[in-house]
Amino acid sequence: MKRVLALLTILGINFVHSATIKGGIEVPTYLEPCQRNSPEFNKCIRNALQLLMGKLSKTGIPELELETLDPLKIAELIMTYDGGDIAGKVTLLDTYTRGFSAVKIIDVRSKTDDPNFFGMEIDFYVPRVVTNGIYKMDGRIAKFPINGKGIYNITATEVTGTWNLIGSPVTKDGEKFMRIDRLSVRPEVGNLKVHASNLINDNPELSQVALAFVNRFWKVLYQEMLPYAEESFDKILRQLVNKVFLKIPYDQLFPPAQTPSVV
Ligand SMILES: *[C@@H]1O[C@H](CO)[C@@H](O)[C@H](O)[C@H]1NC(C)=O
C-alpha cells in the first residue's frame, strides 16, 4: 500500500481518496469519486479515466490484480473466422499490445439513474497501437490457403472508437457491485500495417505474396474480421474492467449524488 502511494506520488498523482475492498484492503482511487446522477458525472469520469489511463496504464493497480495496460499482455487468444475472405482458426500467443497510455478520452455518456442497469459509452482516440506476438493460422485469406505459423506484428494508427459498457447489479457478501455484462467496441482504424513471417508454411515467396495482399486489402479484411474480433475484445476488456467493478462496491466506485438531479 505504502509502496503504491509512494509510486503514485512520484507520478505526480495526489490520491486523497481510496476505496475499501474485501479483506479491508484499501485501493487508491482518483482525486474525487465521481458521483453518479450528478450533472458533472460524465465530465468527472472523462477526467478520471484520462488520468488513470495516462498514468496507471504503465504500472497497473496491484490491489485489484490489474496488470499493466501498456503493454497489455494476452497469453492466448483463439479466434474462429467464417467470413467471405477470411476463414479458419487463428491462435495468437504471447501477444503484447503497446500504445494505450497515449489514449485520449474524448467524451463519456452514461446512464446511471436505473438501479438495475448501468450504461456507459466512452469515445476514445489512440494515435498508434502496436501488437506483436506469435500466430498460428489454419484456413485461408481470399484464395490463399494459410497454414502458417510464425511471428507477426500489426501497427494501427489513428484508432478511434467507443467502448460501450452495459452492466447489471450483483450482490456479493452483502455488498452491491455493478457487474459489466458486455463491453463492445468496433474501432475504426486510419491505417494498418501487418508483418507476418511464414504465412504459407515453408514457402517464403508465396508468404510474401499473401502478406502483400493482406496489406493491400487490409480495409476489407479488417471489416470482415471486426465482428469476430469484437467478441475477443469483449472477453478481454470485460474481464479487465470487472477487476474494478466486481471489487469496488458500486456505492464506493460511483457514490450516489447527495441531491439526485431530476432528469
Ligand atoms: C514488425 O516486424 C518487422 C519484421 O520482423 C520489423 O521489421 C518491424 O520493425 C516490426 N515493426 C514493429 C512496429 O515492431
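The rules we used
- Residues numbered from 1 in each chain as written.
- Predicted model: local features only at pLDDT ≥ 70, side-chain atom pairs only at ≥ 80, totals over all residues.
- Heavy atoms only, no water.
- Phe/Tyr/Trp six-rings, centres within 6.5 Å; stacked < 30°, edge-to-face > 60°.
- Helix = DSSP H or I, 4+ residues; strand = E, 2+ residues; numbered from the N terminus.
- Buried < 20%, exposed > 50% of the residue type's maximum accessible area, 1.4 Å probe, protein only.
- Lys NZ or Arg CZ within 6 Å of the ring centre and 35° of its normal.
- Salt bridge = Lys/Arg side-chain N within 4 Å of Asp/Glu carboxyl O.
- Core = buried A, V, L, I, M, F, W, Y, C linked by side-chain atoms within 4.5 Å.
- Contact = heavy atoms within 4.5 Å.
- Expected span 1.5 Å × (residues − 1).
- Bend = angle between axes of the 7 residues up to and from the residue.
- Near = heavy atom within 4 Å.
- Areas by Shrake-Rupley, 256 points an atom, 1.4 Å probe, with all protein chains shown as cover.
- Nonpolar A, V, L, I, M, F, W, Y, C, P; charged D, E, K, R; others polar.
- 1 Å grid on protein atoms, 1.4 Å probe; cavity = no way out; pocket = protein on both sides within 12 Å on 5 of 7 lines; lining within 4 Å.
- Points joined across faces, edges and corners; volume = space filled by probe spheres on them.
- Patch = residues over 30% accessible without salt bridge, like charges linked within 9 Å, V, L, I, M, F, W, Y side chains within 5 Å.
- Disulfide = S-S within 2.5 Å.

A. How the structure looks around the packing of aromatic side chains. Taken as a whole and judged by the stated rule, the model has 11 aromatic pairs. When the centroid spacing of 3.9 Å and the interplanar angle of 15° are considered together, the rings of Phe-124 and Trp-163 count as stacked. Separated by 39 residues along the polypeptide, Phe-124 in strand β6 (residues 118-141) and Trp-163 in strand β7 (residues 144-172) bring together distant segments of the chain. Trp-163 matches Phe-124 in its accessibility class, with the two residues each being buried. Aromatic side chains Tyr-135 and Tyr-152 sit 6.4 Å apart centroid to centroid with 80° between the ring planes, which places their arrangement in the edge-to-face category. Of the two residues, Tyr-135 sits in strand β6 while Tyr-152 sits in strand β7, which places them 17 residues apart along the sequence. Comparing Tyr-135 with Tyr-152 shows no difference in burial state: the two are buried. Grouped by ring-pair contacts, the aromatic residues Phe-41, Phe-118, Phe-245, Tyr-250 and Phe-254 constitute a single cluster. Sitting above the plane of the Phe-177 ring, Lys-172 keeps its charged end 4.9 Å from the centroid.

B. Looking closely at the pattern of salt bridges. Summed over all chains, the structure comprises 14 salt bridges. With a closest N to O distance of 2.9 Å, Asp-251 and Arg-36 form a salt bridge. Taken together, the positions of Asp-251 in helix α5 (residues 250-253) and Arg-36 in the loop between β2 (25-28) and α2 (41-56) put the pair 215 residues apart, joining distant regions of the chain. Residue Asp-251 is classed as partly exposed on the basis of its relative accessible area of 46%.

C. Layout of the nonpolar core. One finds Phe-118, Met-120, Ile-146, Trp-163, Leu-165, Phe-245 and Phe-254 to be the most contacted residues of the largest nonpolar core, which totals 68 residues. In contact with Phe-118, not counting residues within four places along its chain, are Lys-111, Thr-112, Leu-165, Ile-166, Gly-167, Met-178, Ile-180, Phe-245, Tyr-250 and Phe-254.

D. Inspection of unusual backbone geometry at higher detail. Geometrically, the link from Asp-70 to Pro-71 is a cis peptide bond, its omega value of 10° lying close to zero. You can see Pro-71 is positioned in the loop between α2 and β3 (72-82). One non-glycine residue with positive phi stands out, namely Glu-65, at about 55°. Take Glu-65: it is sitting in the loop between α2 and β3. If you check the backbone angles, Ala-142 has positive phi at about 50° while not being a glycine. Relative to the helices and strands, Ala-142 is located in the loop between β6 and β7. Under the relative-accessibility criterion, Ala-142 is labelled buried at 18%.

E. Representation of helix α4 (residues 218-245). Its 28 residues place the ends of α4 only 36 Å apart at the C-alpha level, less than the 40 Å of an ideal helix rising 1.5 Å per residue. The principal kink in α4, of about 50°, is found at Leu-226, preceding the proline Pro-227 by one to four residues.

F. Local environment of the site of the ligand. Around the ligand, the neighbouring residues are Val-130, Asn-153, Thr-155 and His-195. A total of 360 Å² of accessible area belongs to the ligand in isolation, and the protein chains cover 41% of it. Of the residues in the shell around the ligand, the class split is 1 nonpolar, 3 polar and no charged.

G. Structural context of the layout of surface pockets. In this structure, the largest pocket encloses a volume near 370 Å³. As for the largest pocket, its lining consists of 15 residues, of which Leu-72, Lys-73, Ile-74, Gln-239 and Leu-240 are closest to the centre. Elements represented by at least two residues in the lining of the largest pocket include exactly β3 and α4. At 6 residues, β3 tops the list of elements feeding residues into the lining of the largest pocket.

H. Region of interest: a nonpolar patch on the surface. A cluster of nonpolar side chains, contributed by Leu-93, Ile-134 and Ile-151, occupies part of the molecular surface with about 240 Å² of accessible area. Here Ile-134 lies in strand β6.

I. Main features of the state of the cysteines. Enumeration according to the criterion identifies 1 disulfide in this entry. Cys-34 shares a disulfide with Cys-44; S-S distance 2.0 Å. Taking the sign of the S-S torsion, about -85° here, the bridge from Cys-34 to Cys-44 comes out left-handed. Here Cys-34, found in the loop between β2 and α2, pairs with Cys-44, found in helix α2; they are 10 residues apart in sequence, far enough to count as distant. Overall, the relative accessible area of 0% leaves Cys-34 in the buried class.

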